[in-house]
Amino acid sequence: MRPRERNAVSVPRAHGSVPNAWQRELGRLVFAARHTSIVALAVLAAVVPSIGPNRWWIAGAVLGLVLPWDLLMHWWTRRTGRPPVVMFLANQLFGAAFIALAPTVYVPTLLALVADIGLAIVIFGRRTSGTALAFGVLVVGCAAFSVDTHEPLVGMFGYVIAGASLIAGVGALFESERRLRNRHLALLGDVDAIVWEAVHTPTRRYTFASERANAILGFPATQWTDSGFWQDHIHPDDLERVLAEDADAFRGRHDVELEYRMISADGRVVCLRDRVTVVIDAAGQAVGLRGVVIDITAQRGAEERFRQYADLVERIQMALLVARLVDPADSRSLEVVAANPMACALSPHGLDDLVGYRVVDVFPRLVKLGLHEHLARVVATGEPYDLDDLEPDRAAGGVVHYSVHAFPLGPDLVGVSLDDVTGPSLAAQALRRQATHDTLTGLPNRALLNDRLRRALREATQNCTTAALLVMDLDQFKEINDALGHHAGDELLVAMSRRLEDMLGDSGLIARLGGDEFAILLTENADRAGATAVAQLVERALEQPFEVEGISLQTNASLGIALYPDHATDPELLAQRADVAMYQAKRSAHSFAMYAAEHDHSSVRRVTLLGELRRAVEFDEFRLFHQPTISLATGALVGTEALVRWQHPVHGLMGPSEFIDLAEVSGMIHPLTRWAFKSALYQAGAWAEPGEEPTIGVSINLSVRNLYDPELTAWMEALLVESNFPPSLVTLELTESEVMDDPFLAVEVLGQLRALGVHTSIDDFGTGHSALAYLKHLPIDEIKIDQSFVAGLRTSRADETIVRAIIDLGHNLGLTVVAEGVEDDETLQRLRDLGCDRAQGFHLSPPVTCHQIPTVASATKAPVGRASVARQ
Ligand code: C2E
Ligand code: CA
Ligand code: CA
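Reading the values: the criteria
Residues numbered from 1 in each chain as written. Chains lettered and ligands numbered in written order. Predicted model: local features only at pLDDT ≥ 70, side-chain atom pairs only at ≥ 80, totals over all residues. Heavy atoms only, no water. Near = heavy atom within 4 Å. Polar contact = N/O pair within 3.5 Å; in protein donor to acceptor, adjacent residues only side chain to side chain. Areas by Shrake-Rupley, 256 points an atom, 1.4 Å probe, with all protein chains shown as cover. Helix = DSSP H or I, 4+ residues; strand = E, 2+ residues; numbered from the N terminus. Nonpolar A, V, L, I, M, F, W, Y, C, P; charged D, E, K, R; others polar. Donors = N, O, S within 2.8 Å, 3.2 Å for Na, K, Ca; no water. Patch = residues over 30% accessible without salt bridge, like charges linked within 9 Å, V, L, I, M, F, W, Y side chains within 5 Å. Salt bridge = Lys/Arg side-chain N within 4 Å of Asp/Glu carboxyl O. Buried < 20%, exposed > 50% of the residue type's maximum accessible area, 1.4 Å probe, protein only. Pairing = 2+ DSSP bridges. Axes fitted to C-alpha atoms, helices over the stretch in contact; angles between N-to-C directions. Contact = heavy atoms within 4.5 Å.

(A) Region of the structure containing the site of ligand 1. Close contacts around ligand 1 come from 21 residues, with Gln 627, Glu 641, Asp 763, Glu 823 and Phe 842 the closest. Note that an oxygen atom of ligand 1 is positioned 3.0 Å from one of the side-chain N or O atoms of Gln 787. Between Phe 842 and ligand 1, the recorded distance is 2.8 Å, taken from a backbone N or O atom to an oxygen atom. With the chains in place, 81% of the 790 Å² that ligand 1 exposes on its own is no longer accessible. Of all elements in the fold, only strand 19 (637-648) and strand 23 (759-765) reach the threshold of two or more residues within the shell around ligand 1. By residue number, the principal contributor to the shell around ligand 1 is strand 19, which donates four residues. In terms of residue class, the shell around ligand 1 is built from nine nonpolar, six polar and six charged.

Structural data, given as C-alpha cells:
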C-alpha cells in the first residue's frame, strides 16, 4: 500500500499556479477576443478617416507593436497559467497612447479600458485591478489633458466611476466566487478520491480532475485533461473490458462502478474503483460523465493476502485448527472454531467440517494422550505449548509422529498445528541409533556405553549399590581376519555378539567398543562374585566354536574387570582400570582378571608404549641380541637365538617381556617379526669369513599371530633368496602353548615353513600341556626344554624325570633337544649325562650383540669344558 500523506494534498490557492480547466478555457477565449479586437482596431484605424491624421500611425503601431505584445502575453499566460500584471498596466499605456494619437476616440478608448479593468478583476482580484485603474487614470488623464479631447475631465470622471464601480461590484462577486471555488476545491482535495468530469468522445476525455489525482497516480490534474490520457494509463490487461463497460454505461445512460488498474507516473500498478455517473441533459441525452475514483490498492493487497492465507491453510500438509475453551474450568469443553482439511482428515469420523464439535469428540486419540489438557492450559496461561514427537497412532498400525504447536489466539482461543513428522522422526531415530549403535553387530557402541556407564555410576552412588565394567578383547581375531578375510571376521563378530547377548539377557549391557573389543556393563549383582560369574559365563560361551562360512572357528577372549566403587568412582578411570585388568589377563594364563592396583604400576606406561611401538619400527629402535647355543657333545657354538630389545628413547633398553604382548595386541608383531628375521639373517651371514659358507645357525622366535599372516611364508622365502643365507641354518621357534592355541594351523604353517628348508622348534616345551599324540604330527625338528625344568634339574627329582622324559621323547621322534636356562656348570653336566643335544643359558652366555658372536665362536672352538664362553 502506498502511504498517502494528508500534507501532500495541496489545497488550491486563490491564484493557483496551475490553472483549472475553466481558467484555461477563459484564457483561451479572452486572448482570442483580444487578438481579434486588436486586428479589428488596426483595420478600423486604417479605414475610418474621422480618427484623424494619425490613423495610419495608429494602424501601424497596433499591428506592429500591440499585436506582437499581446501574442507575447498570450504565450506567457499559456506557459505560466495566468497573464502577468504588467499586461494590464501596458493596456492602460496603450490606451493613453491611442488617445494621444487620436483624441477623437477618447470615449471609446475609455470604454475599452474599463472592460480591461473588469478582466483584471476576474483574473487578479480587487487590489491589482485597483492599481491598474489608478495607473490608467494617471497615464490616460495625462494623455487626455495634453491633447485636444472633448471634455477630458468628464471622461476621466466617467472612467474612475465606472472602474471603481466595477472593482467594487464585480470584485466582490469575483471574491465570493473565488472563495466558493476554493472551498469546493479544498473540499474535493480533502476527499481521498479523484473527483472527475469528462466528456465521452468517443471514449472518456476528462475535463476536470481533482487535485488528489496527483497524490494517487502521480499525474497532475492538468495532465488528466489531455485527450487520450485515461486509456493511455489503464493497465493493458484491463483496457478492453473497461472501455467497453464505460461506453456501455454512457450509451445505456446507467451509472456503473468499474474496477480497473492504472499505471502510475512512477510505474506502479494502482487498483482503482471508479463510480461513474452519466450526466444527462434536460432532453434526456447523455452529455458527459462524472465520477469518483478511489484507490483500492491496499484493500486489494489485503484481500489477495487473505486469499493466499486461506489457500495456504486449506492446502498446507499440516493440520491446523482453532478451538475455543467454552468453560474455563473444563478442558473437555474445548470446541473447534476452525479446522483445515488436514485437521478434518486427522479425525477418525470422516467429517468435512469439524466446526462446532468438541475436541474430545473429534480427536479421541489425541485426547488419550492428554492433548486437550495442554490446550486448555495454553488458554489459561497464554503460554505456547510445543511437543516434538507425539505418537498418537501406534495402535492403528503404522507409527505416526506429530509435532504439535499450540499458541494462544485470544482470550479463550487456542490455535493448534499438528505436523506429521513421521518421516523426519523415523530418520532422526535411525540417526540416533546410528550414533549410539555399532552398525555391524547392532550392539550399543562406545558412546552409548559411556553414557550408560555415567548414568549407572550416578545411580549406584545415589542408591549405594555397585557396578562392574568388563572389557573384553578377542585373542586371535586379527589372525582370523587376515587368514579368512574381513567378511569372515565380521561374521564371527556378529555371531559372537548374538551369543553374548543371549547369554547376558537383561542382566547387563553389552557394547562393542570397536574392532574385537567388547565391554559389558553390570548394574545388578555387580560385585566381585557377580562380575566373576559373568566373566566365566563369557568364557564358557566362547568355548563352543562358531560356524563361519562353513569353517568352525574358536576364539578366546581376555577379560578385564573393574568394580565401582572398589576400583574407581568415575567412569573414565573405571574404564581405564578394566583395560589394565584386561591386559593383565592377556599376560596371564587366565582368560579374565580382576583389576588389582599392583598391575597398574606399568599400565599407563604400557598404554603409552602401545602407541609408541609403531614409531619404534619406523625409527629403527629395535636391537637384536644373540644368545649362543652350544653343542653339549663338542662345546662348540652351533647357533644363536635372536632376541629382540627395544632401545627406547626414554626408558632405555627394554626386554621383550615389556612389549612383545603389546606388539601382538596391536598387530605390530608382524613388522617386528619380519624385522627380526631379516636382521638375524644378515647378521648371521656376516659372521662367516668372506668367501666362506656360514656355519653358525640362528633361531628366530615366532608369535602365534605370525601363523595367521598369509604372506609370511612367501616373504621369508624371498628373503632367504635375497640374503643368500642357507635355510638349513635357520630355526623358527614357536612356544608349545602357542602351538596348542591352534594346533591345526600350527601344523599347516610350520609345514609350509619347513618346506622352505628351515628348521622348526617347539619352545618352552613342557608348559603347553600338549598331547603327546600331537607331537608326532607336528612338522618340527627341535624341542627346547622349558627353563623352569632345567632350573630344577639339580634340586628336583621330578624335574629331572621330566627333563629325561622330554629328551627321550625327542630323540624317539628324531628331534634335536635343546635345554635353555642353563645357569650353572652342574646343570650343564647333568644335561650332557642325560644325552641332551644342545644348551643355552646365562652360564654359557647371556644374549650379546651380533658383533660379539665371532669372538664367542672362536672361544668355543677350545676343548669341551670351557663352558663360560662369553663371560669375559
Ligand atoms: P624365550 O624364547 O624363551 O627366550 C629365552 C629367554 O630366556 C630370553 O629372555 C633370555 O634372555 C632368557 N634367558 C637366557 N638364558 C637364561 C638363563 O640362564 N636364565 C634365565 N632366567 N633366563 C635366561 P628375553 O630375551 O627377555 O626374551 C623373553 C622372551 O621374549 C623370549 O623367550 C621370547 O619368547 C620372546 N622374544 C624375544 N625376542 C623375540 C622376537 O624376536 N619375537 C618374538 N615373537 N618373541 C621374542
Ligand atoms: Ca625362544
Ligand atoms: Ca624358551
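Don't stop here, the text continues.
(B) Broad picture of the coordination of the calcium ion (ligand 2). The calcium ion (ligand 2) binds to the protein through Glu 641 (OE), Asn 701 (OD1), Glu 733 (OE) and Asp 763 (OD); the donor distances cover 2.1 to 2.2 Å. For the calcium ion (ligand 2), the single-chain donor residues occur in sequence as E-x59-N-x31-E-x29-D. Separating the calcium ion (ligand 2) from the calcium ion (ligand 3) is a gap of 4.0 Å, which Asp 763 spans by donating to each of them. With Glu 733 in strand 22 (residues 730-735) and Asp 763 in strand 23, this pair connects stretches of sequence that are 30 residues apart.

(C) Examining a nonpolar patch on the surface more closely. Among the surface-exposed residues, Val 39, Val 43, Val 47 and Leu 63 lie close enough to one another that they form a single nonpolar patch of about 330 Å² accessible area. Counting residues per element, the nonpolar patch draws most heavily on helix 1 (residues 21-47), at three residues. Mapped onto the elements, Val 47 comes out in helix 1.

(D) Fine view of the environment of Gly 189. Summarising the element assignment, Gly 189 is placed in helix 6 (residues 152-190). When its relative accessible area of 1% is taken as the criterion, Gly 189 is described as buried. Through-space distance from the C-alpha of Gly 189 to that of Asn 450 is 79 Å; in sequence the pair is 261 residues apart.

(E) How the structure looks around the sheet that holds strand 13 (residues 517-522). Pairing in this open sheet of five strands is mixed, and the strands run 12-13-11-16-17 from one edge to the other. For this open sheet the edge positions go to strand 12 (508-514) and strand 17 (592-594), each flanked by a neighbour on one side alone. Taken pair by pair, the neighbouring strands of this sheet meet at an average axis angle of 20°, ignoring direction. In terms of strand pairing, strand 12 meets strand 13 through six bridges, oriented antiparallel. Pairing of Arg 512 across the sheet is with Phe 518, part of strand 13. Here helix 21 (residues 571-587) sits on the sheet in contact with strand 11 (467-474), strand 13, strand 16 (557-564) and strand 17, set at roughly 145° to strand 16.

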